[in-house]
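# Understanding the architecture of this molecule
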Amino acid sequence: MDRPNLTQVQWRKSARSAESGSCVEVAGVKGMVAVRDSKNPQGPALLFPPAVWSAFAARVRSDAL
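Definitions and limits used
Residues numbered from 1 in each chain as written. Predicted model: local features only at pLDDT ≥ 70, side-chain atom pairs only at ≥ 80, totals over all residues. Heavy atoms only, no water. Phe/Tyr/Trp six-rings, centres within 6.5 Å; stacked < 30°, edge-to-face > 60°. Helix = DSSP H or I, 4+ residues; strand = E, 2+ residues; numbered from the N terminus. Salt bridge = Lys/Arg side-chain N within 4 Å of Asp/Glu carboxyl O. Buried < 20%, exposed > 50% of the residue type's maximum accessible area, 1.4 Å probe, protein only. Pairing = 2+ DSSP bridges. pLDDT = per-residue confidence, 0-100. Axes fitted to C-alpha atoms, helices over the stretch in contact; angles between N-to-C directions. Contact = heavy atoms within 4.5 Å.

Right, let's get into the packing of aromatic side chains. One pass over the structure, following the stated rule, counts two aromatic pairs. On the basis of an interplanar angle of 40° and a centroid distance of 5.2 Å, the ring pair of Trp-53 and Phe-56 is categorised as tilted. On the criterion of helical spacing, the pair formed by Trp-53 and Phe-56 is a turn pair, its members being three residues apart in helix H1 (residues 50–64). Every member of this aromatic cluster is reached through a ring pair, and the members are Phe-48, Trp-53 and Phe-56.

Listed below in structure tokens is the structure:
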């Protein structure tokens, strides 16, 4: 798979992210979800299929309750 160019995507992070900046940012790109460390935006990003990311996010939300 060709690695997408992540420099032009719209990154976003949770409104609940801490003031310390210790969070992840996500972006949709070419049918995938890109995830990166907000403290290191020039560092590597992980790519996940949307269904995998949705399942992960749902699990995190259910464990946070």
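Structure's up, so let's keep going.
Under the defined criterion, the tally for this structure stands at three salt bridges. With its nearest N and O atoms 3.2 Å apart, the salt bridge here joins Asp-37 to Lys-39. By relative accessible area, which is 31% here, Asp-37 ends up partly exposed. A relative accessible area of 55% means that Lys-39 is categorised as exposed.

In terms of residue burial, strand E2 (residues 32–37) counts as a mostly covered element, since five of its six residues are buried. Both strand E1 (residues 24–29) and E2 contribute to a ladder of six bridges, which runs antiparallel. Across the sheet, the residue bridging to Glu-25 is Arg-36, located in E2.

Parts of the model with low pLDDT should not have their predicted coordinates read in detail. Looking at the chain as a whole, its pLDDT mean stands at 87, while 91% of the residues score no less than 70. The element-level mean pLDDT for the chain is lowest in H1, coming to 90, with strand E3 (residues 45–48) highest at 95.

Before going further, it helps to spend a moment on the sheet that holds E1. Strand order across the open sheet formed by three strands is E1-E2-E3, with antiparallel pairing between neighbours. Each edge of the sheet is formed by a strand with only one pairing partner; in this case those strands are E1 and E3. Neighbour-to-neighbour, the strand axes of this sheet turn through a mean angle of 25°, independent of strand direction.

The subject of this paragraph is unusual backbone geometry. Within the chain, Lys-30 stands out as a residue other than glycine whose phi angle is a positive 50°. Relative to the helices and strands, Lys-30 is located in the loop between E1 and E2.

The next point concerns the environment of Pro-50. Mapped onto the fold, Pro-50 is located in helix H1. Residues Pro-50 and Lys-39, eleven residues apart in the sequence, show an inter-C-alpha distance of 23 Å. Dropping the residues within four chain positions of it, Pro-50 is found in contact with Gly-31, Met-32 and Val-33.

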